[in-house]
Amino acid sequence: MARLELSSVGKAFGSVRCADNLSLAVESGEIVAVFGPSGSGKTVLLRMIAGMFEPDEGDILVGGQSIVGAPPERRGIGMAFQNFALFPHMSARDNIASGLRAKGAGGDIAAKVASISSLLKIGHVLDHRPRELSNGQKQRTALARALIGNPEVLLLDDPLRNVDAKLRYEMRLELPSLLRRGSASVLYVTQDYREAMAIADRIAVLIEGRLVQVARPEEIYAKPASVAVARLFGDPSINLAEVTPVAEHGALFADIAGTRVRLDTGDREPIDLGACWVGVRPDDLVISHAPGDDAIPARVVAVTPMHEKAVLLLRFSDGAEWLAALPSTTTVADADDNVFVRFAAEASLLFDRATGVRIGLPHRRQAA
Amino acid sequence: MEHSSLAGRIFRGVALTLVLVFFMFPIVWIFLMSFQSNEQILRIPPSILFEPTLSNYQALISGQLRTTAGNIDIPFMRNLMNSFVLSSAAVLLALLLGVPAAYAFARFKFKLGETIAFTLLSFRFAPPLLVLLPLSLYYQQLGLSDTYFGIVWVYQLIALPLILWIVRGYFEDISPDIEHAYRLAGHSWREAFTRIAVPLAGPGIAAAGLLSFIFCWNNFVFALILASADKQPVTVGALAFVTASGIQYGQIAAAIVLSVTPTLLLALYAQRYLVEGLSLGAVKG
Amino acid sequence: MGMLELQNVDKVYRSRGKPPVHAVRALDMTVKQGEIVALLGSSGCGKTSTLRMIAGFEDVTSGSIALDKRRIEALPPARRKVAMAFEGYSLYPPLTVRENIAFALKAQQLSRGEVTRRVDAIARLVEIEDILDAYPRAISGGQQQRVSLARALVRDADLYLLDEPMGQLEPQLRAVLRGRIKGLLAERGMTAIFVTHDQTEASALADRIAVMEDGILQQFASEKELKSRPANLFVASFIGEPPMNLLETELARADGGYRLSIGSDMAFHIPGGAIDAVARTMLDEMRHVRVGIRPQKVAVGTGDVRVRVVSNQWLGDQSHVAGECAGRLLIAVTPSKVAARPGDTISFGLAPRHLHIFGADGNCIRHAEVS
């Protein structure tokens, strides 16, 4: 099986750069999620690989061979579309089999269709036309069509976008093993960070046509490359405050809404920094009624339960708003309460205010 | 609104009847006239009571027009046949040229694309007389004057823009992803066009074909100028009923009934398609 | 006395040539002054019809609606003193964002300064200060939705109706805006009803949630109550993300309690003392019951149910582990990372006190104990 490689791919439509110097390799059997806000160029990227547009610059290789310029039907690509794109005038069976028939696969077509459709649990609707299928069945038919030919490269363009929450959840559990079945290189476009984390081996974060970070899901969540990436991962999203950290007594401190809080330096050397963002995830905030020098006083504006958590909207004395996500089993505070907010220094992330890039402090000097 | 008063319902009934009478009356009257002799038609006061006669239809089918000034030969059946041949051939040619062109306009953005598409449509706006004079000169030079091919060619001015714009709307309604999916399954663009795009736009192509058939059938002025008697369609042929000894109303009526029937049946049969086609694919079924 | 009272409201849509559609059936509902209520359900459940009947865009087929003790079901929308935000935003295209919002205040005849002050305040709340002079077509869908919300909330009305108010909001803003709007409604004591198909939104904003299905109000209670005491199978499986695990079991009396078994692989024992007398008499007559347990209550790594791991996904703040046992899929959600890989065998714990029991008619017989 073959590896998919993008090398310095660029594409512009008019003055809009949809792909800017994109380089990415997807190993065979690997699932890479392309994740980013809408309009970041995810779909254009997928369509360049599929051959619907050609890149302006750079090269796209499958198994070491360039596929730029080849017509879509000769690229060995299977693709599932957001709007399913089933052939409306063909039965589900013919939809699924169309690729095999084009290749003249011969007698084993029926057996292959039967096996993939039982895997996707659509064996009972094979004779239906797309308009007679439920959304979930349409989506499974589209997946079966993409998977059946064991393509070298599988492209999935937000395939769960148009199915309801319950089905989306089920598919999130099933998809990884389905996609790994044929050891294709898989690119999976999504706008939902949870879906990306659940399904992918690695996530490629695409913002405004640029790959900002490519890493394993845990790593992106824990060590986002920039403040923009940090804001994309997590729901509710990360809390941010403008600070200018100072190093004192071997530790790093910053002022948030009038309170001096200690920030994380890990095993690194604390040094004075310029204008920064400090970011703390809502899950990492600790809320109590106990005042203290290290706690930021806040008023609870509202409590909004969310996924078995209670999300508190907190307003600091300077008017800034932060969110805290607490396990809903603990009823710590109600709306209008005055509370105190703390977080462990290790939970804080620092970003450069001007560039948004996460700040890695220098290594501690070795003790002589 | 489900709660309408009795008065409202009566008013609606009356209004509908009036509209129906207004539009249907001429058709009914012509139909009745076609079974009357010229004398019955012209008597005063007119009456709807008469003894029906088939003589008008007989005259048309036999090609012998009896007038007070003697018998005149009229090639009505040949005209009818010409109408069929010319309209069908024109539509066929327009479909062959127009469907691929409509696909190109729908799928690809190219330089001057919109301009070309609009220019083609604008042929429908121009009065035919505007182009007829130069055209008849060209035709004489090229030897196309008074040939079937020449008339079919000039009918493209009617059929092609219609087909182009209606079918283009239908192609635009098909998600390009469906064709992309078909190509990724291993088919060339020709196959994607013939097996996906054309079948899916089928209703639109049918509507456009039917509409342009009707428009070609109803055309008068092109054939009047560019064709001689033996190649003229019914619309022009009907002129023969205006004779030296007066106008043969009964035969005209019968001729109208015969020439309208095919298109009327066609229109009734494909009513829904036609409405969709006329709204350029905007109405989805 | 409720602020809004719906009594025995029915809505039937009749169109020629089609069977009538009974969109809302015998709906009784009381909304208290200052309460925020969500109408939650999948599409076609009757929630939007209900909202539109309250707003006055649909006639009630039968029944009555009273707002602040006034009967309103026959009044035209403009005289009902309700403000509404529409799902399709319905902004006036020739007006700027500021004018759109101020337009809602026209009828109140406020001074120019007061209008500006109010518009600015609401604009700050929904973060549209920087686009106040833009026209609707120039702003994104998420921004349009925020303008539409602002236009409804800026008015003084007895009741605020919001149709899918936050579905299109940018994900990064959603949580903050929910908090702010909930804070604003509470601070001013505004009464609001909103329609949504998204239970996350419903639980975040609403004091009480009306779960609808097939035109029938299934349960009307707080989010906590819906989760801990679902009235029936529909509510149990509809509310909660991921949905409740449901298992078909055989019921037998054993050791003064009940034994619930699934084939020969899995069995639970529920002591008789854990079930009240009414439920006991019901259970005594049943042989098959459905058992439900929330994924968040399934213990991972401990317990006596051995499962083969089908998938194990870490989402940054929680793990979702799907395990297969006797051909059934069980989902567990835990806030910590789980080391298991697909194919491994691990233990799941389904403690009897966390089990909901449903009878054959779908109604709940016994709820899990609230921990």
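The subject of this paragraph is the overall build of chain C. The number of helices and strands found in chain C is 9 helices and 20 strands. A buried classification covers 54% of the 371 residues belonging to chain C. Here the contacts in chain C between residues at least 6 apart in sequence split such that 63% fall between residues at least 24 apart. Summed over all atoms, the accessible surface of chain C reaches about 16300 Å², with 48% contributed by carbon and sulfur.

Time to look at the packing of aromatic side chains. This model, assessed by the stated rule, comprises 21 aromatic pairs over all chains. Summarising the aromatic geometry, the rings of B:Phe25 and B:Trp29 are spaced 5.6 Å apart at their centres and angled 20° between planes, so their arrangement reads as stacked. Of this pair, B:Phe25 and B:Trp29 both sit in helix 1 (residues 6-33), 4 residues apart, which is roughly one turn of the helix. Arranged with centres 5.7 Å apart and planes meeting at 45°, the rings of C:Phe57 and C:Phe86 form a pair that is tilted. Here C:Phe57, found in the loop between helix 1 (47-55) and strand 4 (62-67), pairs with C:Phe86, found in the loop between strand 6 (82-85) and helix 2 (97-103); they are 29 residues apart in sequence, far enough to count as distant. Classification of C:Phe86 by relative accessible area gives partly exposed; the value is 26%. These aromatic residues form a ring-pair network of at least three members: B:Tyr103, B:Phe108, B:Phe171 and B:Phe193. Across from the ring centre of A:Trp277, 5.8 Å away, lies the NZ or CZ of A:Arg353, which sits over that ring. Across the ring face of C:Phe220, the terminal group of C:Arg208 is positioned such that the distance to the ring centre comes to 4.1 Å.

Residue and element names in this part refer to chain C. Reading across from one edge, 2-1-4-5 is the order of the 4 strands in this open sheet, with antiparallel pairing throughout. Two strands lie at the open edges of the sheet, namely strand 2 (21-31) and strand 5 (70-71), each paired on one side alone. In this sheet, strand 4 lies alongside strand 1 (residues 4-13) in antiparallel orientation, the contact comprising 5 bridges. Following the sheet pairing, Asp10 is matched in strand 4 by Ser62. Sitting on the sheet, helix 1 touches strand 1, strand 2 and strand 4, and the angle it makes with strand 1 is about 115°.

Residue and element names in this part refer to chain A. Looking at chain A, the domain boundaries give domain 1 (4-225) and domain 2 (239-352). Here domain 1 and domain 2 have C-alpha centroids that lie 40 Å from each other. Facing the 4 residues of domain 1 at the interface are 5 residues of domain 2. Roughly 370 Å² is buried in total at the junction of domain 1 and domain 2, and carbon and sulfur atoms are behind 53% of that figure. Considering only the side of domain 1, the residues that lose the most area to domain 2 are Arg194, Tyr221 and Pro224, jointly responsible for 82% of the buried surface there.

A separate point is the pattern of salt bridges. All names here are of chain A. Across all of its chains, the model carries 49 salt bridges over all chains by this definition. Asp336 is the partner of Arg299 in a salt bridge, and the nearest nitrogen-oxygen pair spans 2.6 Å. With a gap of 37 residues between them, Arg299 in strand 17 (residues 296-306) and Asp336 in the loop between strand 19 (321-327) and strand 20 (338-343) connect regions that are remote in the sequence. Judged by its relative accessible area of 55%, Asp336 falls in the exposed class. In the salt-bridge network here, residues are joined through shared partners; they are Arg17, Asp20, Glu57 and Arg210.

On the surface, a nonpolar cluster with roughly 650 Å² of combined accessible area is contributed by B:Leu42, B:Phe220, B:Leu224, B:Ile225, B:Leu239, B:Val242, B:Ile247 and B:Tyr249. Within the secondary structure, B:Leu239 is located in the loop between helix 12 (234-237) and strand 3 (242-243).

Once that is clear, we can look at the nonpolar core. With 84 residues, the main nonpolar core has A:Ile49, A:Leu155, A:Leu187, B:Tyr155 and B:Phe171 as its most contacted residues. With 14 residues, the top contributor of residues to this core is helix 7 (residues 148-173) of chain B. When residues no more than four places from it in sequence are discounted, the contact partners of A:Leu155 are A:Leu46, A:Ile49, A:Ala50, A:Ile77, A:Gly78, A:Met79, A:Ala80 and A:Leu187. With 51 residues, the next largest nonpolar core counts A:Ala33, A:Ile122, A:Leu179 and A:Tyr188 among its residues.

Residue and element names in this part refer to chain B. Within helix 3 (residues 55-62), the full set of buried residues consists of Asn56, Tyr57, Ala59 and Leu60. Summarising the axial view, the buried residues of helix 3 lie within an arc of 160°, below the 170-degree limit, and thus occupy one face. Looking at helix 3, the residues exposed on the side facing more than 90 degrees away from the buried face are Gln58 and Ile61. Residue Gly63 follows helix 3 closely and has a positive phi angle near 80°.

Our next topic: the pairing of strand 7 (residues 153-157) of chain A. All names here are of chain A. The buried count for strand 7 comes to 5 of 5 residues, which makes it a mostly enclosed element. Neither face of strand 7 is left uncovered, since the one carrying Val153, Leu155 and Asp157 and the one carrying Leu154 and Leu156 both have all their residues buried. The parallel pair strand 7 and strand 8 (residues 185-190) is bridged by helix 5 (residues 165-180), and the resulting crossover is right-handed.

Reading the values: the criteria
- Residues numbered from 1 in each chain as written.
- Chains lettered and ligands numbered in written order.
- Predicted model: local features only at pLDDT ≥ 70, side-chain atom pairs only at ≥ 80, totals over all residues.
- Heavy atoms only, no water.
- Helix = DSSP H or I, 4+ residues; strand = E, 2+ residues; numbered from the N terminus.
- Buried < 20%, exposed > 50% of the residue type's maximum accessible area, 1.4 Å probe, protein only.
- Contact = heavy atoms within 4.5 Å.
- Areas by Shrake-Rupley, 256 points an atom, 1.4 Å probe, with all protein chains shown as cover.
- Phe/Tyr/Trp six-rings, centres within 6.5 Å; stacked < 30°, edge-to-face > 60°.
- Lys NZ or Arg CZ within 6 Å of the ring centre and 35° of its normal.
- Pairing = 2+ DSSP bridges.
- Axes fitted to C-alpha atoms, helices over the stretch in contact; angles between N-to-C directions.
- Domains from an automatic or database assignment.
- Buried area = accessible area lost by both parts, 1.4 Å probe.
- Salt bridge = Lys/Arg side-chain N within 4 Å of Asp/Glu carboxyl O.
- Patch = residues over 30% accessible without salt bridge, like charges linked within 9 Å, V, L, I, M, F, W, Y side chains within 5 Å.
- Core = buried A, V, L, I, M, F, W, Y, C linked by side-chain atoms within 4.5 Å.
- Arc of directions from axis to C-beta.
- Right-handed = clockwise from strand over helix to strand, strands pointing away.

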